[in-house]
Every structure is written in structure tokens, then in C-alpha cells.
Amino acid sequence: MNAVEIEEAISALAELPFDGGEFPFAFLQAFGNKDATIKRLRAGASNSSDLGGVLQRNHIHIAVCVPGAATAALAALKVSPATTKAKARFILATDGVAFEAEDLDTGETVACTYADFPNHFGFFLPLAGITTVKQVRESSFDIRATGRLNRLYVELLKDNPDWGAADRRPDMNHFMARLIFCFFAESTDIFFGDDLFTATVAQMGAKDSSNTHEVIGTLFRAMNTKIEDRAAANIPRWADAFPYVNGGLFSGSMDVPRFSRIARSYLIHIGGLDWKKINPDIFGSMIQAVAEDEERGALGMHYTSVPNILKVLNPLFLDDLRARLDEAGDNPRMLLNLRKRMSRIRVFDPACGSGNFLVIAYKQMREIEATINSRRGEPDRRSEIPLTNFRGIELRSFPAEIARLALIIAEYQCDVLYRGQKEALRDFLPLDAENWITCDNALRLDWLSVCPPTGTGVKHQADDLFHTPLDQAQIDFVNEGGETYICGNPPYYGSRKQTKHQKDDLLQLCGKRIPKWKSLDYVAGWFLKGKDYIERQPATFAFVCTSSNCEGLQVSVLWKEILQGGIHITFAYRPFKWANLATNNAGVTVNIVGVSNLVSRSDRKIFDGGQVRSVNNISPYLLSTSNIFVDTSPKPLSQLSPMITGSMPRDGGHLILSFDEAAELTHAHPHAADFIRPYVGTDELIKGNQRQCLWIEDDQLSVATTVPYIANRLEKVRLMRTESPLDSTQEFADRPHRFVYLAGQSRSHTIGVGGVSSESREYLPVALFDKRAVLSNLAYALYDAPVFSIALIASRLHLVWIATVCGKLETRYRYSNTLGWNTFPVPTLTEKNKADLTRCVEDILLAREAHFPATIADLYDPDNMPPDLREAHERNDEVLERIYIGRRFRNDTERLEKLFELYTKMTAEAGVGKKRKVSAA
DNA sequence: CATCCGACAAAGA
DNA sequence: TCTTTGTCGGATG
């Protein structure tokens, strides 16, 4: 169950008459417990309460008590030994009138009336396994409103199927935005009278809902018509109570979808909520899923938490504004200048979604402005920060509508907060600002037309015919001489996960100027657009992006193009895990990169795990080195043996045998052993699992297929390959006994290197295999290579290199032959060097042997590494590092610097010409 | 032919 | 349920 479903269930429970015996079970059910779980609790089997209540292990202890005893009951729960023993996180006591609860982990408490407890359901969300940021837990209203609007939206689409078609969706979305505005307006004093809108719809509309759409249409028309013009426009008197709103919100098509009885009752119900409590940032990101048919089940998936948004906005410009504020102290002149400066700052989010970043930026700036005004003794002064300076581009029409609305609401709420209700109301209507959110494709649009250079009115141009740009986007900014800050969290799609249309977006953007552009993530498009923008209008942009945008292959592809002509990275957050509202958010690892071509400030900052470091330069790997791009190399640049990717079966698993399967087969058919070989991927290499594979040479085929089991397996491979959508797989359908990609064969021995390895290991996984072993495409192979190669791979130096220049899987090390091995700089080795290193390898292998049958995973567990193995590695590092610089390196930074220096020299000498150094200034 | 990657995915604790 | 840690094979060069 997601948060919205839980909210609905809890609200439904609270509306039922209170039944003390039933309440604990109903409560647990509402939080998504399975029927079987409830049954066991009911039967008492899993109920360990010592107070006659209901106690669910690790979760909650609930007691229903006699009237007036809730507080005492809660106290009893708290000291109950059973509560402690069962490690209950929550305790809850109610008598049906009062409701009290405590989160024993955090010490937070809830005390309210029983009827009111659904308003605190966010408090209990951990019960459903939903661990989420505080802001969301405390946003019961937003979750509730989202759920209700979601239901209304679905219901209306059911009643008006034509509104669901692509060409009517924008109308539908605009309609929803108007409704939300009305709900907000009637809950605040923007509309006079309590629930004016909902009440009018309820009273004027027929109970059978036949004319609901007409009533709403009339109200919308009224709000789009000045009071003095209403009589002429034939607007009935009962709509007079509604103010003139305008602001583009009520302009355009006045069509209203038809309402069924159910839809009408939903609408009236939603109107009953207290919309004052809306958080425009949180609500917006939750509500945007409503219009996406496929996302509706996962409300809140795209929530970007406020702390994460501030990770972008603070270093981008808010920190600086606050520093200036501190500097100004009470000096009226300096405060005035800062206020003037802020009034001309433009914030532009070219992937704005429902306007999260813009809303937060606006609120933060209003907070600073309020401090200025209060220090200057002008507390209720009207804000000089124009909403029109907060601009966005959003592809989907519903979020675009919501973004505009969210900003309007944020402005009103800021006015109430800083200037008071009266001042806020006086200035609110009619909405004078037009539209700052352009609904269009950000990668197809000239950003200068949406966010034009200071003082010029560039016309909006789009070459995408699917989206009609809105005229209002052409209005000028109030920002003469002002600064521009571009920010956002654009969508990510890996190079192979893009749709045709998305690929085309990148094609027109960089097809002509970037070799290998097809390897880029979709998010790279925003960085390129940002670069194109600041080249013409110097500025700074900062985006959240998938970590691979600054790793491995993509570094040289993307960043060589961006870091030109004085453009540099001004700040960066090293990769961190993104969090959303999903229960099991495996999520994604992201980083944040700020790019600028303004006169460089000396303080470039790298944020890494709560630490901040000021550095002189930030490389595209987001490290404080100079800008070096390591490109793939088809063969080793140093004197190293060739390393190849292991063989790829593309067999649907049918050529692979488990240890048992292989044993059974050879038991039944001893000669089948000829066709069975050990199969080694990363998992086998690290964990020592044993898998086998069928490996049949062409000339063995007829013999092999006499074994029915093998023939059967091969037939399955053939089928799987025939059904593959990929030509290169289909090609091999008639040769099912063969792996699709063969990595060659070894004559004496094979050195295998893991393709992925946990970042907690201090050395990369590498092992020696006999010649029969088949390395899978998830491992890399050195055939018949000198054993000292292992000394290099297993060294700290190599790990540092791989960690820096190769890709990652989330945060794990991901090996690559072309990117990591072939580029690894090694000084020329003498025969003595090689002999020394070989001895080191022997020591390492002997130390491993001594702990047989421990696997690499066991041996290289950083907390439990056997001392003799660790010593062997230390000696290996010692010998190798002496070859590089005549002593041990002090730290990884020094290792990397030396490696980069050698790499630069190597690529320059070899004339490979891959190296390009871009001025850091 | 030969990779590099995944708004991840499955196994393990 | 949360933590840990690497499958598999497609799209791309």
C-alpha cells in the first residue's frame, strides 16, 4: 500500500462508529497488514500484549481503554515489559474520544481527538514500511488531497472519455488546476465566505449532477470577467460573490467536463478539506503523478525533498545571498542594494516538473527579503521579488499547470507569513502575473527565448510541432542587469533506455558536434543546453544528474564538449543515493554539478558525504584534479598483456548448468564431461560458487547431441535466440551449441578479473584459473599472461585508477578493459621488477591458499582480512610503488596525481591524441 | 566483433 | 524489511 491508499483506509476507519474490540485490527489492516497477519493476531497466537490490548512484534502496542483513561493507558503501554520485549516502535491508546500515541524511536507524540487521528496518519507511516523524509511525514494534507484529486480525475475521465484523448488532456489539466485554485481560495480568505466555491456548486447544482458542469463553467467565466463587465456578459447574480481572478488561470477554453453523481460528491468532499495546509512544493510533486496514467499507482515517486533541492540552490546562489545579508548587518544602504539585487535575479528550471525548485527558490528568497525589510523597519512592505523571474520549461501539461499554481500559492503564503493576512489579501487579486511556465520540450527549445538575455525580448521559438508554446512566455523579465541561475533535476535515461523521440532530441542537439553522442544519458542534453545558454548569456547552471554522467565513458564524451572557453565546474556533490517516496526505493545514485563561465571565484567546492572542501579545480570526475579525460583505448598503452571481455552466451540460461545439474549429467553420461567446463563470472570468481557450462566445439556437435539432455538444452537455446528481437542474437539461432560472443581460448592458464566489485573491498578481485575455465562476459580475461599482471591488478594503485576512470554500478567499482586496464599507466618494467612482482603474487596466492576454502569474498572482507594476506598485499604495493616513485605513496590523492601525470605523458608521447587538457581558469 | 551500462534487481542478513 | 552487492543481454561503437 502506498501513502495515499493508507490515508484513504484510515479516513474511512475514523468515519465508522468506534468499536473498541475491532479498532486495533482495523487500524493495523489500514496500514496494509495482510489478512493472515490480522487473523493470527486476532487468534492471539502472535499477540503478546500484557495489557489486554494488541501487540504486533516490532511494530505497535495498541490499547483500547475505558472513557477518560487514554493518557493513563498510554503511560501503562510505555512501561509495559511486553512493549519493550516485542521491540514495539509505537504505542497507541484510545477510548474512542481521545487518541494518544508515541513513537518510541523518536519520542514524538500525538494527542488529539479520535475523529482527528487521520490527520496524523503520516506519524505511523513507518508501520507500513514507508520511511520517508520528515517533510512528507508531516504532510498528511498533501497526501490526502492528492489521493482525493486522483480519484476525482479518474472519475471525470470515466465520465468524459473524450477528455482523456491526447488533444484534450491539456484542457483537462487546466481544468484541474482551476479547481485546485478555487479550493485553495475558498479555504483562505481569497474568496469571501466559507467554502464559497464548494457551497455554490452544491447549492446551485442539481442533486443529480446534471448541471454541475454548467455551474462550474459559469463561475469560471465570472472569475475571468471584471465585476463591471459581468452584467453585459450575462453572468448571473449568484456568481457575483466570486472575485475577478484572471491571471491566465481562468482564460482559455471554458469547457467543463460533465460530472456524474459520484464525481460531484468527490468534488464536494475535496472542497471540505482544509486547503490552507497545502505545501505547494510537496503537493506539487505528488499531484503530478495524477495525470500520468502509468504513474498513478506510484504517487510521490518523483518527490524531490527540500534538502535535496537546497543542495542545488544553496551553492548555486542562496549561500551567497545569505553571506551578503550577514555582511550587510543593519546597514540600510547595503540592505537596500541586496534587495535590489534580489529583485533582478532570475531562476530558471528547464525541467521544472511541478515547480519544486522554483517554489523553494522563491520561498528562500522571500525569507531573505523579509529579513532585509524587518532590519530596515519596513516589515509589511510589498515584495520586490517578481514571480515572473521564476521560469520553467516542462514537457507534461499537468505539472506545468501545477507549477504555475504552486508559485501563485507560494506567493500568497509568503505574503501572509511575512506581511500578514490583510496585506496578502489586498495585493493578491487579480493575478497580475501571466505565465512563466512553458509547456514544451526543453531540449528542442531555445532557452534564450524562455529566459532571454537581460533587457531583450527574444521571441519564443520552437521547432517541435507537438507542443504549442504559450504566448505568455514571451513576457519580459523584470531583471535589468540581473543574474541568471539555471537549476533543476532533469529526467535520466541511460543511452539504451531512451525512446526514439528522446534519441532524436539528443541527435539534433549534439549529433553534429559530439562523437559517440549515442552513449550519453538523456540528462546530458540539459548540460549541453546549459552550456549553449551560458555561452551567449554568461550564467551558472546546476543540475542533479545520474552519477554516470560524470563517470566512465561519458566523461570524455560529454565533458570535453562542455568544459571549453572558460566554462568550468564551480561546485559538485559527489555521488549520493537519491530517495523518493517509494517503499522499496532502490532508486538511483546521483550527483549535482554546477557549471559556470562567470569570472571564476576562487572557492570552488566539492561536497562529499557531509564534508565540504574548497578546491582550485573540479574535474569532470568531480575530483579536485586538473581536467584530464581518460578515453577508451583498444589496446594497452603500457607494456601490458591484452585483456578481453569474457564470452557472452545469450542463451537464456540454457547453456549454463548448476553444480548439481552438471554432476547428474556426467553421472548419467560420463562422456558428456568433455562438453562441460567451469563457468566463471564475477559472482563465481568472488564467492567461489561453482557453475558449469556446455562448451561444445563445432566438430564435437554430432557426438554431443547424442545425449538427449544436451540436445534438449540446445533446442531451448535455439528457440530463445529465434525469439530475440536482436539480429545479432538471431544469427546464432542455428548454432545453439556456441556462445554468441567468444573471447578466445587460453593454452596454459587464465587470469580472471571481476567485472563489478563492492567498494568496501580494499583490492580488486582477481584470480588464476586453469585453461579449461570459461570466463563469462561478466568477467575479464588475460589468457596465458605473465603472472606479474596479477600484481598490477591487485594493487592499490590499480584500484584507485579503476575507481576514478571507470564506470560504476551505483557506487560499486566496475572494471573495464578498454577504459581501465588499457589506459593504466605503468613504467617500463625491468626483468628484476617483473621477478619481484611475480614473487609478490606468489605470496598473495599462497596466503589465499593457506585459508582454503575461503572465497575471495571471505578473504577480502575489509573487517576480517587475514593478516598474512594483508601483509602479502602490503608487500606487493610496496614493491610496485617503489617502481613508480622509489617509495610508498602517501595517500590515494598522490597515487592518482602520479597516474594522471604518467597518463598525460603517455598519451602525448604515443601520439594517441586522446588527451586534452582544458584550462581550469 | 567487443563492449558499458542500467531513475536496477535479486540475493542475503 | 532493510542491506549488500553483482545478473544479463541489448544497443552502440
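Conventions we followed
- Sequence order sets the numbering: in each chain, residues are counted from 1 along the sequence as written.
- Following the order in which they are written, the chains are lettered starting with A and the ligands numbered starting with 1.
- Local features in a predicted model are, by the rule used here, given only for residues with pLDDT of at least 70; side-chain atom pairs are given and counted only at 80 or more, and totals for whole chains, interfaces and linings are based on all residues.
- Note: side-chain values were computed over all heavy atoms of the structure, leaving out hydrogens and water.
- Note on terminology: near, applied to a residue and a molecule or strand, indicates that one of the residue's heavy atoms is within 4 Å of it.
- Any N or O atom pair separated by 3.5 Å or less is treated as a polar contact, with the protein-specific requirement of one donor-capable and one acceptor-capable atom, and with residues adjacent in sequence counted only for side-chain atom pairs.
- Only DSSP runs of H or I with at least four residues qualify as helices, and only runs of E with at least two residues qualify as strands; both kinds are numbered from the N terminus onward.
- UniProt positions are given in the numbering used here, feature names are shortened, and annotations may be inferred rather than shown by experiment.
- Pairing between two strands is assigned when DSSP locates at least 2 bridges connecting them.
- Exposed residues in this analysis have more than 50% of their type's maximum accessible area, buried residues have under 20%, and partly exposed residues fall in between, with area computed by a 1.4 Å probe over protein chains only.
- Contacts are residue-level and defined by heavy atoms, with any inter-residue pair within 4.5 Å sufficient.
- Ten residues, namely Ala, Val, Leu, Ile, Met, Phe, Trp, Tyr, Cys and Pro, are considered nonpolar, four, namely Asp, Glu, Lys and Arg, are considered charged, and the remaining ones, Gly among them, are considered polar.
- Lines fitted to the C-alpha atoms define the axes, with helices restricted to the stretch that makes contact. Angles between their N-to-C directions range from 0 to 180 degrees.
- Each angle is binned into one of four classes, with values under 35 degrees roughly parallel, values over 145 roughly antiparallel, values of 65 to 115 roughly perpendicular, and all other values oblique.
- Crossing handedness: left-handed means the near helix sits turned counterclockwise from the far one by under a right angle, and right-handed means the same turn made clockwise.

Asks: Give a detailed account of the protein's contact with DNA strand C, specifying residues and quantitative values.
Replies: Taken together, the neighbourhood of DNA strand C is formed by 27 residues, with Arg 496, Lys 503, Lys 518, Leu 778 and Arg 812 sitting nearest. Taking the atoms of DNA strand C that fall within 4 Å of the protein, sugar and phosphate contribute 51% of them. Interatomic distance of 3.1 Å between a side-chain N/O atom of Lys 503 and a phosphate oxygen of DNA strand C. The contact in question runs from a phosphate oxygen of DNA strand C to an N or O atom on the backbone of Asp 683, over 3.1 Å. When contributions to the surface near DNA strand C are tallied by element, the ones reaching two or more residues are α23 (682-687) and β20 (756-757).

Asks: Any chance you could break down the side chain of Ser 260 for me, citing the residues and the numbers?
Replies: Position of Ser 260 among the secondary structure elements: in the loop between α10 (212-223) and α11 (261-271). Within polar-contact distance, the side chain of Ser 260 engages the side chain of Asp 159 at 2.8 Å.

Asks: Please give an account of the UniProt feature "domain: MmeI-like C-terminal" (unreviewed entry) in chain A that cites residues and values.
Replies: In the numbering adopted here, UniProt assigns the feature "domain: MmeI-like C-terminal" (unreviewed entry) to residues 831-908. Across residues 831-908 one finds 77% helix and 0% strand; the C-alpha atoms that close the span lie 26 Å apart.

Asks: Account for the sheet that holds β20, naming residues and giving values.
Replies: Strands pair in a sheet through their backbones, by hydrogen bonds, and they do so in one of two ways: parallel or antiparallel. Pairing in this open sheet of 3 strands is antiparallel, and the strands run β20-β25-β24 from one edge to the other. Two strands close off the open sheet at either side, each with one partner strand: β20 and β24 (808-809). Relative to strand β25 (residues 812-814), β24 runs antiparallel, the two being bridged by 2 bridges. Following the sheet pairing, Leu 809 is matched in β25 by Arg 812.

Asks: Tell me about the pairing of strand β6 (residues 346-349), and please be specific about residues and values.
Replies: Neither face of β6 is exposed, since Arg 346 and Phe 348 on one face and Val 347 and Asp 349 on the opposite face are all buried. Summarising the sheet, β6 and strand β9 (residues 484-488) pair through 3 bridges and their orientation is parallel. Paired with Val 347 across the strands is Tyr 485, a residue of β9. Note: β6 against strand β7 (residues 390-394), 3 bridges, orientation parallel. Across the sheet, Phe 348 pairs through a bridge with Arg 391, a residue of β7.

Asks: With reference to specific residues and values, describe the side chain of Ser 724.
Replies: Its location among the elements puts Ser 724 in the loop between α25 (708-723) and α26 (727-730). The exposure class assigned to Ser 724 is buried, which follows from its relative accessible area of 10%. In this structure, Ser 724 is in contact with Thr 729 and Gln 730, ignoring residues within four places of it in sequence.

Asks: Residue-level account of the protein's contact with DNA strand B, with values.
Replies: In the region of DNA strand B, 30 residues are neighbours, and Ser 548, Thr 645, Glu 810, Arg 814 and Thr 818 sit closest. When the atoms of DNA strand B within 4 Å of the protein are sorted by group, sugar and phosphate make up 54%. At 2.5 Å from a sugar or linking oxygen of DNA strand B is found a side-chain nitrogen or oxygen belonging to Thr 645. Between a base oxygen of DNA strand B and a side-chain N or O atom of Arg 814, the distance comes to 2.6 Å. Secondary structure elements with two or more residues in the surface near DNA strand B: β15 (644-645), β24 and α29 (817-821). Each residue belonging to the surface near DNA strand B can be placed in one class, and the counts come to 12 nonpolar, 11 polar and 7 charged.

Asks: Give a detailed account of the packing of helix α20 (residues 524-536) against helix α21 (residues 553-562), specifying residues and quantitative values.
Replies: Interhelical geometry of α20 versus α21 gives an angle of 15° and a closest axis separation of 10 Å. If you check the angle between α20 and α21, you find them roughly parallel. Our pair here, α20 against α21, has a crossing hand that is left-handed. Contacts from Ala 524, Phe 527, Leu 528 and Lys 531 in α20 reach Leu 558, Trp 559, Glu 561 and Ile 562 in α21. Broken down by class, the residue content of the contact of α20 with α21 amounts to 6 nonpolar, no polar and 2 charged.

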